[in-house]
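Working through the structure, step by step
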Amino acid sequence: MMTKNIIISKIKEVKTLAILPHVSIDGDALGSSIALAYAVKELGIEPVIYIEEEIPSSYGFLPGIEFTKVYQGEKENYDLVLALDTGDTGRLGKRIDIFNAASYTINIDHHMTNTEFADLNYVQTSSSATGEIIYQFIKMMGIPLTKEISTCIYVAIATDTGGFRYSNTTSITHQIISDLINNGVDVAEVSQLLFETVSLSKTKLTGMAVQTLEILENGKVAFITVTESMIKDADAKEEDCDGIVNIGRNIKGVEVAVLVREKENESYKINLRSKKYVDVSIIANKLGGGGHKNAAGCTIEGNMEDIKQILLKEIREVL
Ligand SMILES: [Mn+2]
């Protein structure tokens, strides 16, 4: 409670403020950031949301995109910088410069692996999404839930809970969602845009990725690979890889699913998902990444075969 009040008074006393969601932005990072930006604007501050890369087109329908700006190496000294949904400073990418140059920094997050890297840290791991925490802040600030704010928070929570299906979904989650719907969220429209709209290139890429599926460890582990050439052949974008790992996880009997995404220079982005008992954040942490129990990730360098062996060894230990 204390920390929350200090954060709100900090926000109220500054003149310039920037918000930093994590790299490879997702619905929670973006929705939370825009909702907070709307709230801060109500206080008479003009906030900027610095993002690392262009917003994936699947989130293009969100209101308030005008608050966002792709970081181009600007040297700015903000009175206050808030990192949202960001477990560690590595997830700030190049925008670490904005963070380091700030007079004061705040970190608001729900990741168990959060390293508490700011001047003030508010990490609530019981929240399904950073969106839940931002909702609480906005209520405490006494700022009305507009349709825009409600929609952004709804998207944040709906994405991080997999459409209210993951184990992080609580009764509090649903209480918050109830309030958001009362304040104008069009559930059918948002759900259609968020969960039932897919680009042709992603469909093609998914088909190619499924061809690489390997089932190991008596059916408990699924590996899927996406290479650079597959991305080119499907005319796909980075964001089109999102969710492909779930194809492996959804297979009956699979506990751990891995997506190995080949990047340039023998670097691989690894997505890990588990269905029930395995804590994949332990594996990701060991390999220099982070995340949650059922969803985590890391980046590894080396060649594809070695990387698969390293991952398999770590998975065997927790399986
Ligand atoms: Mn999140």
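Residues numbered from 1 in each chain as written. Predicted model: local features only at pLDDT ≥ 70, side-chain atom pairs only at ≥ 80, totals over all residues. Heavy atoms only, no water.

1. A look at the sheet that holds strand β7 (residues 214-216)
The condition that has to hold: Strand pairing requires that DSSP identify at least two bridges connecting the strands. Counting from the N terminus, the helices are the DSSP runs of H or I reaching at least four residues and the strands are the DSSP runs of E reaching at least two. Contacts are assigned to residue pairs with any non-hydrogen atoms lying within 4.5 Å of each other. Axis lines are fitted to C-alpha atoms, over the contacting stretch for helices. Their N-to-C directions set the angle, which ranges from 0 to 180 degrees.
Strand order across the open sheet formed by six strands is β7-β8-β9-β10-β12-β11, with mixed pairing between neighbours. Edge positions in the sheet fall to β7 and β11 (290-291), since each has one partner strand and no second. Here seven bridges tie strand β10 (residues 267-274) to strand β12 (residues 295-301), and the two strands are oriented antiparallel to one another. What sits directly across from Arg273, in β12, is Ala295. Packed on one face of the sheet, helix α12 (residues 304-318) meets β7, β8 (221-226), β9 (256-263), β10 and β12 and runs near 155 degrees to β8.

2. Points about the UniProt feature "domain: DHHA1" (unreviewed entry) in the chain
This is how the line gets drawn: UniProt positions are given in the numbering used here, feature names are shortened, and annotations may be inferred rather than shown by experiment.
Following the UniProt record, the feature "domain: DHHA1" (unreviewed entry) maps to residues 226-315 here. Segment residues 226-315 splits into 34% helix and 29% strand. End C-alpha atoms: 20 Å apart.

3. Here's the deal with the sheet that holds strand β2 (residues 48-51)
Read from one edge to the other, the open sheet built from six strands follows the order β3-β2-β1-β4-β5-β6, with strand pairing classed as parallel. The strands lining the two open edges of the sheet, one partner per strand, are β3 (68-70) and β6 (120-123). Adjacent strand axes in the sheet meet at a mean angle of 25 degrees when their direction is disregarded. By the bridge criterion, four bridges tie strand β5 (residues 104-109) to β6 in an arrangement that is parallel. Residue pairing across strands places Asn107 opposite Asn121, the latter belonging to β6.

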